[in-house]
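# Examination of the molecular architecture
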Amino acid sequence: MSLLELNRRSLLKRSTGMMALAMGAGTPFLSSRAAYAQAASLASQQLRTIGLSVTVQERILNDFKKASGVGGTSGTAATFPDAQTKILSGSKDYDCWEIIAERLPAIVMTNNVEPVPASGLKNWANIRDTFTKPSDKWDRKAQIVGQIWADEGQTTLNMVPAVYNYDSIGYNPDVVSAEEANSWAAIFDKKWKGKSGLNTDPLIAFGQAIMAMNTLGLLNVKNPGNPSAKEIDEAAAFLVSKKKEGQFRALWGDFGELVNLMASGEMVVCDAWQPAVMAVKAQGKPCKYAVPKEGYRAWAIGPSMIAGTTNKDAVIAYADYWLSGEPGIAVSEQGYYSPSTNIKKVMAPEKYAFWYEGKPWAGAAERGIKEGDLRDGGSLEERAKNVAYWHQWPDEYDHLIQKWDEFLNA
């Protein structure tokens, strides 16, 4: 029996148990609103979405409602593990999950996703090559183009990418030097004992620990996103030892929590989302984003249609709206990237130059960014060349989760 089949059976078994517990207890989107008003079903449909607060934003949902004419919208902010639990438990409260691509197998193997036809997305023609053409740097399934498509012909999508980024280490430059911060090993350095932080998502935490262990000469894992059972055991032992030594100030999972911990100075080095670093800088507090010598962690998030939804047109329209360019402005100015080149058409040229092209900030100071400042890490092209691995669903998923539970309970 394959590991994939074991993972599928394990997920089904878990979701059954959780359900029993619950029972016991091309053209710019909508250049004319009339174009979609013709689809009478859209006005009678709702868009109920769940995902990280990174993408599930009230202003984006409100703008989508106004632009599309959809009957109503609602968003639930939840971490990926929590959202996965809800959906695998059989919840019918959502039409789409704004999922991180690495978790797609959780809903594909359990038949909880309904593919979206690329032909139904008016803005798909302007998608970046990253999502349609595989790189020879990794195996196909170890990169985003091998994760989002439902078929080899690339006609239907299990997830429509909405945002993506290359994650790194956030640090306080008044305390930690750039040289010290530019390695994933910095998170586990005894010098920052009690003042470092780690994300609560095990699929993120293990990859970072493995990259640090590679640098420290403790492991030699080619793909930190898909470690073997033995490599997971060694990484788990490393994480447990660091936890017992008091290395971590916090295991963070929420954007606001991360910002507060960094802004207060309680955490001086941690794995971080770039928008959180920008939010700390906006408070006038010192914060920078490292350029790790091992490379960035790459990921993409986007809407997946939940199987059985009666609001299919609303989900497809929402996914297409993300590719229209407009919602990309909001996330780009936080430090993420839009997967659609439409963003260049709608974003102010000087801001596009800063966020995407590595050019100096021009104009009045804004959210901690001053005239002449450069984006940490440089242009999109430059940062894309320094990717260590793309997040993916590990072959030894069940074993990794077991070891993560042991870490949490240590």
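This text follows the structure it describes.
Model, not experiment: these values are computed from the prediction. (Residues numbered from 1 in each chain as written. Predicted model: local features only at pLDDT ≥ 70, side-chain atom pairs only at ≥ 80, totals over all residues. Heavy atoms only, no water.)

### Focus: the overall build of the protein
Rules: Numbered from the N terminus, helices here are DSSP runs of H or I no shorter than four residues, and strands are runs of E no shorter than two. Only C-alpha atoms enter the radius of gyration; for comparison, a globular chain is expected to reach 2.2 Å times N to the power 0.38, where N is the number of residues. For the exposure calls, accessible area comes from a 1.4 Å probe over protein chains only, and a residue counts as buried if that area is under 20% of its type's maximum, exposed if over 50%, partly exposed in between. In this description, accessible areas are obtained by the Shrake-Rupley approach with a 1.4 Å probe, and a residue is regarded as covered only by the protein chains that are shown. Positive charges come from Lys and Arg alone, negative charges from Asp and Glu alone, with His and the N- and C-terminal ends not counted. Charge positions are represented by NZ for Lys, CZ for Arg, CG for Asp and CD for Glu.
Within the protein, the secondary structure is distributed over 17 helices and 12 strands. Scaling as 2.2 N^0.38, a compact globule of 410 residues should have a C-alpha radius of gyration of about 22 Å, and the protein matches this with 21 Å. Taken over the C-alpha atoms alone, the protein extends approximately 60 × 60 × 45 Å along its principal axes. A burial count over the protein gives 54% of its 410 residues as buried. Of the roughly 16,600 Å² that the protein leaves accessible, carbon and sulfur atoms contribute 51%. Averaging the positions of the 44 positive and the 46 negative side-chain charges in the protein gives two centres separated by 1 Å.

### Concerning the pattern of salt bridges
Applied cut-off: Any carboxyl oxygen of Asp or Glu within 4 Å of a side-chain nitrogen of Lys or Arg constitutes a salt bridge here.
Across all of its chains, the model carries 20 salt bridges by this definition. When the shortest N-O distance is used, the salt bridge between arginine 103 and aspartate 201 registers 3.0 Å. With arginine 103 in the loop between β3 (96-100) and α6 (104-108) and aspartate 201 in the loop between β7 (196-199) and α8 (202-215), the pair connects residues that are 98 residues apart, well separated along the chain. The exposure class assigned to arginine 103 is buried, which follows from its relative accessible area of 2%. Classification of aspartate 201 by relative accessible area gives buried; the value is 4%. Within this structure, Glu333, Lys351, Glu366 and Arg367 form a network of salt bridges that share partners.

### What to know about the environment of cysteine 96
What counts here: Here, residues are in contact when the closest pair of their heavy atoms is within 4.5 Å.
Checked against the element boundaries, cysteine 96 lands in strand β3. Each C-alpha atom, one on cysteine 96 and one on valine 315, is 6.6 Å from the other, the two residues being 219 residues apart in sequence. Beyond its immediate stretch of four places on either side in the chain, cysteine 96 contacts Leu47, Arg48, Thr49, Ile50, Pro303, Ser304, Met305, Ile306, Val315 and Tyr318.

### Focus: the environment of valine 56
Its location among the elements puts valine 56 in the loop between β1 (46-51) and α4 (58-68). In this structure valine 56 touches Thr49, Ile50, Gly51, Leu61, Gly75, Thr76 and Glu98, once residues within four positions along its chain are discounted.

### Observations concerning the packing of helix α10 (residues 255-263) against helix α11 (residues 274-282)
Helix-helix packing: each pair is described by the crossing angle between the helix axes and the interaxial distance. The test is simple: Axis definition: a line fitted to C-alpha atoms, over the contacting stretch in the case of helices. Angles run 0 to 180 degrees between N-to-C directions. To sort the angles, those under 35 degrees are grouped as roughly parallel, those over 145 as roughly antiparallel, those from 65 to 115 as roughly perpendicular, and the leftovers as oblique. Should the near helix be turned anticlockwise from the far one by less than a right angle, the crossing is left-handed, and should it be turned clockwise, the crossing is right-handed.
Remark: α10 packs on α11, axes separated minimally by 9 Å, with the N-to-C direction vectors making an angle of 45°. Considered as vectors, α10 and α11 are oriented oblique to each other. As for how α10 packs across α11, the hand of that crossing is right-handed. On α11, the residues touching Phe255, Leu258, Val259, Met262 and Ala263 of α10 are Pro275, Ala276, Val277, Ala279 and Val280.

### Some remarks on helix α17 (residues 397-409)
For clarity, the cut-off: Multiplying one less than the number of residues by 1.5 Å gives the expected span of a helix. By definition, the arc is the one covered by directions from the helix axis to the C-beta atoms.
A rise of 1.5 Å per residue sets the reference length of α17, with its 13 residues, at 18 Å; its end C-alpha atoms lie 18 Å apart and thus fit the reference within 8%. Taken as a whole, α17 has its buried residues at Tyr397, Leu400, Ile401, Lys403, Trp404 and Phe407. Relative to the axis of α17, the buried residues are bounded by an arc of 165° and lie together on one face.

### Quick notes on the packing of helix α9 (residues 229-244) against α17
Axis separation between α9 and α17 bottoms out at 9 Å; the angle between their running directions is 15°. The angle between the axes of α9 and α17 places the two elements in the roughly parallel class. Our pair here, α9 against α17, has a crossing hand that is right-handed. Between α9 and α17, the residues in contact are Ala229, Ile232, Asp233, Ala236, Leu239, Val240 and Lys243 and His399, Leu400, Lys403, Trp404, Phe407, Leu408 and Asn409, respectively.

### Examining the environment of tryptophan 252
The condition is simple: The term polar contact refers here to a pair of N or O atoms within 3.5 Å; inside protein, the definition further demands a hydrogen-donor-capable atom paired with an acceptor-capable atom, and it admits residues adjacent in sequence only when both atoms are side-chain atoms.
Along the chain, tryptophan 252 falls in strand β8 (residues 248-252). With 31 residues separating them in the primary sequence, tryptophan 252 and glutamine 283 have C-alpha atoms 20 Å apart. At a separation of 3.0 Å, a polar atom in the side chain of tryptophan 252 contacts the side chain of aspartate 271.

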